[in-house]
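So you can see what is in the structure, the chains are spelled out below.
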Amino acid sequence: MQFKLSRKRKWIAVGALVLCTATPSFALFGIGDIVFDPTSYASLVSQLTTLESQYKSFKSNVVNFSVKTQWQTALNKMKQVQVVNRHGETNGITTALNQNSTTAATTAWTNSSVAISSNTNSYLASEAAGNSDKLTQLAIVETSDTVSPDCLNAVGSYRAARSASVTANTSLQANQLDGTSTTNSEVQQLNLVNASQAQQLNEQQAQGALHACIAQQMTIQNMQEREAMVHDLNLAANVQAQRNANPTGYVNSTGTYTDYLP
């Protein structure tokens, strides 16, 4: 009797095993309602593979960079300039070079420059523009009086902006170098990149004002050099014209001085 029960249990176990492993084939004989579909199975495998890939990608995006100090750079600070002022000759220059104030820059330049006297102004009033070396010199002075205060203000503005941005730059760099999970999510890192690019744009614009100042100063220098060369050319031509009109030869001499400059 025990042998029969043991044998019966074996057949039941085998039958259960067959039912578990051969379910798809039962449908061929009308038994069961679940059919194995290779296409659906392949689709599920593909979806699982995609999800696994997305998970790995997401995981790699939130992994922290534990060592960021190797990227750390130092911020070059602009020191405050102090111009020597022994007898009041540079009143306001120090302020103009350290602050963003057009008024301070204009006042400082005026205080440190020699003014054109009323006698000079009256003398130049009778000169013809375009044919007077004196008016050309006046044009250089007037241009310099306009450009130079602008350059003083550009330098002062740049220094003031750098000083005001120290805290923001330090905070941004600290967050960028943070190796913890506090600031290492993908969105946070993108925000830091945007903030860094905005700071770079501000720096470029500030330096653009300095570059414009340099170009202005070069223009004044070119005006001075041109005026000096034209003056020399005109002087040589006038001397030669005077010699041709009034020869300066010795008595009983047929030669004249043609290479002598008075």
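Coordinates for the structure precede this section.
Scoring rules and cut-offs
Per chain, residue numbering runs from 1 following the sequence as it is written. Whole-chain, interface and lining totals are the exception, using all residues; otherwise, since this is a predicted model, local features are given only for residues with pLDDT of at least 70 and side-chain atom pairs are given and counted only at 80 or more. The basis for every side-chain value is the complete set of non-hydrogen atoms in the structure, without hydrogens or water. Under the scheme used here, helices are H or I runs from DSSP no shorter than 4 residues and strands are E runs no shorter than 2 residues, and both carry numbers assigned from the N terminus. Think of it in three bands: with a 1.4 Å probe and only protein chains considered, a residue is buried below 20% of the maximum accessible area for its type, exposed above 50%, and partly exposed in between. Contacts are assigned to residue pairs with any non-hydrogen atoms lying within 4.5 Å of each other. Working definition of a nonpolar core: buried Ala, Val, Leu, Ile, Met, Phe, Trp, Tyr and Cys residues. They are joined through side-chain atoms within 4.5 Å. The axes used here are C-alpha line fits, helices contributing only the stretch in contact, and every angle between their N-to-C directions lies in the interval 0 to 180 degrees. For any helix crossing, the convention is left-handed if the near helix is rotated counterclockwise from the far helix by under a right angle, and right-handed if that rotation is clockwise. Think of it as three bins: nonpolar holds Ala, Val, Leu, Ile, Met, Phe, Trp, Tyr, Cys and Pro, charged holds Asp, Glu, Lys and Arg, and polar takes everything else, Gly as well. By definition here, a helix of n residues has an expected span of 1.5 Å times n minus one. Put simply, a salt bridge is a Lys or Arg side-chain nitrogen that is within 4 Å of an Asp or Glu carboxyl oxygen. The cut-offs work like this: below 35 degrees is roughly parallel, past 145 is roughly antiparallel, 65 to 115 is roughly perpendicular, and the gaps in between are oblique.

Enquirer: Would you mind showing me how to read the overall build of the protein chain here?
Expert: A tally of regular secondary structure across the protein chain gives 9 helices and 0 strands. Across the protein chain, helices and strands are ordered from the amino to the carboxyl terminus as α-α-α-α-α-α-α-α-α. Relative to its full complement of 262 residues, the protein chain shows a buried share of 16%. Put simply, of all contacts in the protein chain between residues at least 6 apart along the chain, 58% involve residues at least 24 apart.

Enquirer: Can you walk me through the side chain of Ser-148 in this structure?
Expert: Relative to the elements of secondary structure, Ser-148 occurs in helix α7 (residues 133–164). Apart from residues no more than four positions distant in its own chain, Ser-148 is found in contact with Trp-109 and Gln-217.

Enquirer: I keep staring at the nonpolar core and nothing clicks. Help me out?
Expert: One recurring pattern in soluble globular proteins is that nonpolar side chains are buried together. In terms of nonpolar packing, the biggest core is built from 7 residues, these being Val-81, Ile-93, Ala-96, Leu-97, Ala-105, Ala-108 and Leu-152. For this core, the secondary structure elements donating two or more residues are α4 (93–98) and α5 (102–111). The element contributing the most residues to this core is α4, with 3 residues. Sequence-distant contacts of Leu-152, defined by excluding residues within four places in its chain, comprise Ile-93, Ala-96, Leu-97, Ala-105 and Trp-109. If you look at the next biggest cluster of nonpolar residues, it comprises 5 residues, including Ile-140, Cys-151, Cys-213 and Ile-220.

Enquirer: Can you help me understand the side chain of Ser-144 in this one?
Expert: Looking at the element boundaries, Ser-144 is found in helix α7. A relative accessible area of 16% means that Ser-144 is categorised as buried. Apart from the residues within four sequence positions on either side, Ser-144 is in contact with Trp-109, Pro-149 and Ile-220.

Enquirer: Sorry, what's going on with the packing of helix α8 (residues 166–176) against helix α9 (residues 186–245) here?
Expert: A pair of packed helices is captured by two measures, namely the crossing angle of their axes and the spacing between those axes. Running from amino to carboxyl end, α8 crosses α9 at an angle of 145°, the nearest separation of the two axes being 10 Å. Handedness of the α8/α9 crossing: left-handed. In contact with Ala-168, Asn-169, Leu-172, Asn-175 and Gln-176 of α8, α9 contributes Leu-192, Ala-195, Ser-196 and Gln-199. Within the contact of α8 with α9, the residues separate by chemical class into 4 nonpolar, 5 polar and no charged.

Enquirer: Sorry if this is basic, but what is going on with α9 here?
Expert: Think of an α-helix as turning once every 3.6 residues; residues three or four places apart then point the same way. Between its terminal C-alpha atoms α9 stretches 87 Å, which fits the 88 Å expected from 60 residues at 1.5 Å a residue. Of the residues making up α9, those classed as buried are Leu-192, Ser-196, Cys-213, Ile-220, Glu-227, Val-239 and Arg-243.

Enquirer: How do you make sense of the pattern of salt bridges when you look at a structure like this?
Expert: Any two side chains of opposite charge can pair if their charged atoms end up close together. Under the criterion given, the structure shown has 1 salt bridge. Put simply, Glu-203 and Arg-162 hold a salt bridge, and the shortest N to O gap is 3.6 Å. Of this pair, Glu-203 sits in helix α9 while Arg-162 is found in helix α7, placing the two residues 41 residues apart along the sequence. Arg-162 sits in the buried class, given a relative accessible area of 13%.

Enquirer: Sorry if this is basic, but what is going on with the packing of α5 against α7 here?
Expert: Between α5 and α7, whose axes approach to 8 Å, the crossing angle comes to 130°. By the angle class used here, α5 and α7 are oblique. You can see that α5 and α7 cross each other, and the crossing is right-handed. Along its contact with α5, which presents Thr-102, Ala-105, Thr-106 and Trp-109, the element α7 presents Ser-144, Asp-145, Ser-148, Pro-149, Leu-152 and Asn-153. Across the contact of α5 with α7, the residue classes tally to 4 nonpolar, 5 polar and 1 charged.

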